[in-house]
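Descriptive structure summary
Here is what each chain is made of, one letter per residue.
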There are 2 protein chains.
Amino acid sequence: MAKEVILLDKWASMYGMRVRIALAEKGIKYESKEEDFNNKSDLLLQSNPIHKKIPVLIHNGKSISESGIIVQYIDEVWNHKNPFFSSDPYERAQARFWVDYIDKKVFGTWMKVWLSKGEEYEEAKKELISIFKTLEETLGDKSFYGGETFGYLDIGLIPFYSWFYTFETYGNFKFEVETPKLVAWGKRCIEKESVSKSLPDENKIYDYVVAGKKALGLR
Amino acid sequence: MAKEVILLDKWASMYGMRVRIALAEKGIKYESKEEDFNNKSDLLLQSNPIHKKIPVLIHNGKSISESGIIVQYIDEVWNHKNPFFSSDPYERAQARFWVDYIDKKVFGTWMKVWLSKGEEYEEAKKELISIFKTLEETLGDKSFYGGETFGYLDIGLIPFYSWFYTFETYGNFKFEVETPKLVAWGKRCIEKESVSKSLPDENKIYDYVVAGKKALGLR
């Protein structure tokens, strides 16, 4: 039974966290395999030959890649509880739009904050804050992006909450000041066991990122 | 009735074509508004303030952006005929994966072929061919990506068929030689009225691209 669902993962990955949360929401038991990016497993290379990236969900021997697509797959296969989507097609399209926005914007902008200096750094930092302000506006006064329930867009964004401390430390700003409603939303999400057990400690992520920069010969 | 569905579009856009085909497959009447990229309409800026890009579908006053998301929306709202997806969640995930692959790979690589020279051009050209070879392999011996039926991935890829002449002319290769099965697939798709009436003439696209390069002061 445990062999039926395998997740190729990396503890610090926001995208891996999405899949962990989705599986936890559905109550699915699975085997997790931690990947080493410097020495990718044969299983990863075989199961995602196109992108060679985690997360990969292997379900009964079939592989699914790309976190948003995996989360939708999980919702469709295990549809007995906690649906991730509204029954309204417009709401579903909106949730997909914003997860796509996150995928296009957040990580790339964060990398610039992390790696650039001077004017480029200042620009990237402004953009990172602006992205999260846009996401805060999209939440509005709702409890969750899914309204009263925790849905696809909540799953898509909440992993970044565990990176907030790293983002704001490198970006020299405070989420509490810039996007207080988003922080309150994050606190609401983390009360859910599916989230709290899927997100690593923010200090552990920060240490990992600091070590990563040193390993690149930067500081 | 015609006012109920509005498509903000640009005739040469692969992404606009996807939506045109999807609407035609479902038999939906709509009003098309052609956008001028150099002078975007207020309606476009208001209905897609985040990306400010076509296509945008406006349905009963609500806007949906991003072509893949729009096509899924159309399938969910008008579910009375021609479903775009298999009933199998794994097949659905695969179709989504490959449309995402097209979105990540094709246009950016084509832009490099179009705009670069020397070694960068040679690399980009090789990569463009390799992307289409990968897509050909994915088709295998099936009639359509959806198997016997024309589905989400067919809709996602077929617009590029109208750009093949432009790609191969600038890339100095022949799709007929590199990916003959993909060309045969394209011919099968174009026999469908929903496709033939949604794709512009390949020579018109080529002339548009030549003119575009001149307008950039390149040749």
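Each value, and the rule that gives it
Residues numbered from 1 in each chain as written. Chains lettered and ligands numbered in written order. Predicted model: local features only at pLDDT ≥ 70, side-chain atom pairs only at ≥ 80, totals over all residues. Heavy atoms only, no water. Domains from an automatic or database assignment. Contact = heavy atoms within 4.5 Å. Buried area = accessible area lost by both parts, 1.4 Å probe. Salt bridge = Lys/Arg side-chain N within 4 Å of Asp/Glu carboxyl O. Polar contact = N/O pair within 3.5 Å; in protein donor to acceptor, adjacent residues only side chain to side chain. Helix = DSSP H or I, 4+ residues; strand = E, 2+ residues; numbered from the N terminus. Nonpolar A, V, L, I, M, F, W, Y, C, P; charged D, E, K, R; others polar. Core = buried A, V, L, I, M, F, W, Y, C linked by side-chain atoms within 4.5 Å. Buried < 20%, exposed > 50% of the residue type's maximum accessible area, 1.4 Å probe, protein only. Pairing = 2+ DSSP bridges. Axes fitted to C-alpha atoms, helices over the stretch in contact; angles between N-to-C directions. Least-squares fit on C-alpha atoms with pLDDT ≥ 70 in both. Phe/Tyr/Trp six-rings, centres within 6.5 Å; stacked < 30°, edge-to-face > 60°. Lys NZ or Arg CZ within 6 Å of the ring centre and 35° of its normal.

Right, let's talk about the domain arrangement of chain A for a bit. Residues and elements named next belong to chain A. Splitting chain A by domain gives domain 1 (5-77) and domain 2 (89-215). Inter-centroid distance (C-alpha atoms) of domain 1 to domain 2 is 21 Å. Listed as interface residues are 14 residues of domain 1 and, on the opposing side, 25 residues of domain 2. Of the roughly 1800 Å² buried between domain 1 and domain 2 on both sides combined, carbon and sulfur atoms contribute 68%. Taken together, the links from domain 1 to domain 2 amount to two salt bridges. The interface formed by domain 1 and domain 2 includes eight residue pairs in polar contact (both at pLDDT 80 or more). Residue contributions to the side of domain 1 that touches domain 2 peak at eight residues, all from helix α1 (residues 14-26). By residue class, the composition of the side of domain 1 that touches domain 2 is eight nonpolar, two polar and four charged.

Attention now goes to the nonpolar core. By size, the foremost hydrophobic cluster in this structure holds 131 residues, and its most contacted members are F132 and F167 of chain A together with F132 and F167 of chain B. Ignoring anything within four residues of it in the chain, the contact list for F132 of chain A reads V106, L157, F164, F167, F175, T179 and L182 of chain A.

With that out of the way, let us pick up the pairing of strand β1 (residues 5-9) of chain A. Consecutive residues of a regular strand have side chains that alternate between opposite faces of the sheet. All names here are of chain A. Summarising burial for β1: five of the five residues are buried, a large majority. Here β1 shows a buried face lined by V5, L7 and D9 and a second buried face lined by I6 and L8. As judged from the four bridges shared by β1 and strand β3 (residues 56-59), these two strands associate in the antiparallel manner. Bridge pairing links L7 to L57 in β3.

In this section: the interface of chain A and chain B. Between chain A and chain B, the contact holds 26 residues from the first and 26 residues from the second. Buried area between chain A and chain B, both sides added, is near 2300 Å², and the carbon and sulfur share of it is 67%. Run the count over chain A and chain B and you get six salt bridges. Among the ionic pairs, K104 of chain A bridges to E66 of chain B, the shortest N-O distance being 2.5 Å. Where chain A touches chain B, the interface holds eight residue pairs in polar contact (both at pLDDT 80 or more). Counting only elements with at least two residues in the side of chain A that touches chain B, the list comes to β4 (62-65), α3 (67-77) and α4 (89-115) of chain A. With twelve residues, α4 of chain A is the single largest residue contributor to the side of chain A that touches chain B. Taken together, the residues that form the side of chain A that touches chain B break down as eleven nonpolar, seven polar and eight charged.

Residues and elements named next belong to chain A. The sheet built from four strands is open, its strands ordered β2-β1-β3-β4 with mixed pairing. Lying at the two open borders of the sheet, with one neighbouring strand each, are β2 (31-34) and β4. Between one strand axis and the next, the sheet turns through 20° on average, direction left out of account. In terms of strand pairing, β3 meets β4 through four bridges, oriented antiparallel. Directly across from I58, in β4, lies its bridge partner S63. Running at roughly 155° to β1, α1 makes contact with β1 and β3 of the sheet.

A few words on the relation of the copies chain A and chain B. The transformation that overlays chain A on chain B combines an axial shift of 0.0 Å with a rotation of 180°, and the residual RMSD is 0.0 Å. Here the transformation between the copies is reduced to the relation of a two-fold axis. A share of 100% of the interface residues of chain A reappears at the interface of chain B, consistent with the copies meeting face to face through the same patch.

Evaluated as defined, the whole model comprises 40 aromatic pairs over all chains. With a centroid separation of 6.1 Å and an interplanar angle of 45°, the aromatic rings of F132 of chain A and F167 of chain A are classed as tilted. Placement of F132 of chain A in helix α5 (residues 118-139) and of F167 of chain A in helix α7 (residues 164-171) is noted, with a sequence separation of 35 residues between them. Across the pair, exposure class does not vary: F132 of chain A and F167 of chain A are buried alike. Taken together, a centroid distance of 5.3 Å and an interplanar angle of 80° make the contact between F132 of chain B and F164 of chain B edge-to-face. Taken together, the positions of F132 of chain B in helix α5 (residues 118-139) and F164 of chain B in helix α7 (residues 164-171) put the pair 32 residues apart, joining distant regions of the chain. Through a chain of ring-to-ring contacts, the aromatic side chains of W110, W114, F132, Y161, W163, F164, Y165, F167, Y170, F173, F175 and Y206 of chain A assemble into a single cluster. The residue whose ring lies beneath K26 of chain A is F84 of chain A, and the NZ or CZ to ring-centre distance is 4.6 Å.

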